[in-house]
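Descriptive structure summary
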Amino acid sequence: MDKVTAKKHLGQHFLNDESIAKNIADTLTLQGYKNVLEIGPGMGVLTKYLLEKPIDTYVIEIDTESVAYLDAHYPKLHGKIISKDFLKYNIKEVFNSEPFAIIGNFPYNISTQIVFRTLELRDQIPEFSGMFQKEVAERICSKKGSKVYGILSVLAQAFYEVEYLFTVDEHVFTPPPKVKSGVMRMIRKEDYKLPCDEKLLFNVVKTAFNQRRKTMRNSLKSMNLSDKLREDSIFDLRPEQLSVEQFIELTQKIGADGV
């Protein structure tokens, strides 16, 4: 098998620039874990540089043709190729409770779902790095006041330090996507346990941004908050005007309000 055919329904765009692949592999700090999981390795352009590092590299790939290619071309991966869907697979079957980093040239059609899944597994994932559609990477890293600041920005930054690293042009892929790509990294905060109900935070953030043009007083109306709490000046703001810290503080207040 000389190569794998890119499949549109899987959102596959194979990176063919070796220097960019190496640069993405080098975004890993290798701090706080000895395992790394690459999502969607395709033909292994990034994988080969991960295999050079002093860590145990595993790959998870839903495309059976890619799995066969990796198995044939990368002997070091034998026993470490997981032919599953990352979004549905219980990754503890591989790592138990050990920490692991995530990296990948993520399929654009599921990239935000991969981040949300990472947030669910945050106790085990100290580091996350990879390539997204540029606007998605920018959204994750954006700060309050930005037009693209939203649910993903707040929730990722509540637990991780995020950094936009570099932009990748369309022409280095086969087939080329219609948009530019962006590489970003998330490093889990030293103290990532929040001083509020974390499930409630997710609910508050999602409810607020679902009506992002309204003030918080109106966007959170469905939460049936007390009249006294709704007098707080924070409710005069729109969701994109609140920092991550303010969302955490608001969640504390809502928790104390009995919701």
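A quick note: this is a predicted structure, and the numbers were derived from the prediction, not measured. (Residues numbered from 1 in each chain as written. Predicted model: local features only at pLDDT ≥ 70, side-chain atom pairs only at ≥ 80, totals over all residues. Heavy atoms only, no water.)

Here we look at the overall build of the chain
- Helices and strands together make up the secondary structure of the chain, namely 11 helices and nine strands.
- If you line up the chain on its principal axes, its C-alpha atoms span 65 × 40 × 30 Å.
- Out of the 259 residues belonging to the chain, those deemed buried represent 52%.
- Within the chain, counting contacts between residues at least 6 apart in sequence, those at least 24 apart form 67% of the total.
- By element, 48% of the accessible surface of the chain is carried by carbon and sulfur atoms, the whole surface being about 12600 Å².
- One way to put it: in the chain the 36 positive side-chain charges average out to a point 5 Å from where the 35 negative ones average out. (Helix = DSSP H or I, 4+ residues; strand = E, 2+ residues; numbered from the N terminus. Buried < 20%, exposed > 50% of the residue type's maximum accessible area, 1.4 Å probe, protein only. Contact = heavy atoms within 4.5 Å. Areas by Shrake-Rupley, 256 points an atom, 1.4 Å probe, with all protein chains shown as cover. Lys, Arg positive; Asp, Glu negative; His and termini not counted. Charge placed at Lys NZ, Arg CZ, Asp CG, Glu CD.)

Some thoughts on the nonpolar core
- Of all hydrophobic cores here, the largest spans 56 residues; its most connected members are I140, L220 and F247.
- Considering each element in turn, this core owes the most residues, seven residues, to helix α8 (residues 198–209).
- Counting the residues that make up this core, at least three belong to each of domain 1 (8–188) and domain 2 (198–257).
- Within the second largest apolar cluster, 21 residues are counted, among which are A21, I24, Y49 and V172. (Core = buried A, V, L, I, M, F, W, Y, C linked by side-chain atoms within 4.5 Å. Domains from an automatic or database assignment.)

Describing the UniProt feature "domain: Ribosomal RNA adenine methylase transferase N-terminal" (unreviewed entry) in the chain
- Here, UniProt's "domain: Ribosomal RNA adenine methylase transferase N-terminal" (unreviewed entry) annotation points to residues 20–190.
- In residues 20–190, helix accounts for 30% and strand for 25%; the two terminal C-alpha atoms are 29 Å from one another. (UniProt positions renumbered as here; feature names shortened; annotations may be inferred.)

So, the pairing of strand β6 (residues 127–133)
- For β6, the tally of buried residues reaches seven of seven residues, placing the bulk of the element in the interior.
- Pairing of strand β5 (residues 101–105) with β6, which is carried by four bridges, proceeds in the parallel orientation. Paired with N105 across the bridge in β6 is M131.
- Tracing the backbone out of β5, into helix α5 (residues 111–120) and back to the parallel element β6 gives a crossover that is right-handed.
- Judged from the seven bridges that link them, β6 and strand β9 (residues 181–188) form a sheet pairing that is antiparallel. Of the residues in β9, the one forming a bridge with F128 is M186. (Pairing = 2+ DSSP bridges. Right-handed = clockwise from strand over helix to strand, strands pointing away.)

Re the domain arrangement of the chain
- By domain assignment, the chain separates into domain 1 (8–188) and domain 2 (198–257).
- If you look at the interface, domain 1 gives 15 residues, while domain 2 gives 16 residues.
- The tally of links from domain 1 across to domain 2 stands at one salt bridge.
- R122 is the salt-bridge partner of E198, the closest N and O atoms lying 2.6 Å from each other.
- Our count for the domain 1 to domain 2 interface comes out at six residue pairs in polar contact (both at pLDDT 80 or more).
- Of the residues forming the side of domain 1 that touches domain 2, the biggest block, six residues, is contributed by helix α7 (residues 151–159).
- Residue composition of the side of domain 1 that touches domain 2, by class: eight nonpolar, four polar and three charged. (Salt bridge = Lys/Arg side-chain N within 4 Å of Asp/Glu carboxyl O. Polar contact = N/O pair within 3.5 Å; in protein donor to acceptor, adjacent residues only side chain to side chain. Nonpolar A, V, L, I, M, F, W, Y, C, P; charged D, E, K, R; others polar.)

Thoughts on the side chain of R230
- Take R230: it is sitting in helix α10 (residues 227–230).
- No salt bridge is formed by the buried R230, whose closest oppositely charged neighbour, D227, lies at an N-O distance of 4.3 Å.

A word on the environment of K53
- Along the chain, K53 falls in the loop between α2 (47–50) and β3 (56–60).
- Of the residues examined, K53 reaches a relative accessible area of 17% and is grouped as buried.
- Setting aside its immediate chain neighbours within four residues, K53 contacts A25, D26 and L30.
- At 2.9 Å, the side chain of K53 and the side chain of D26 are in polar contact.

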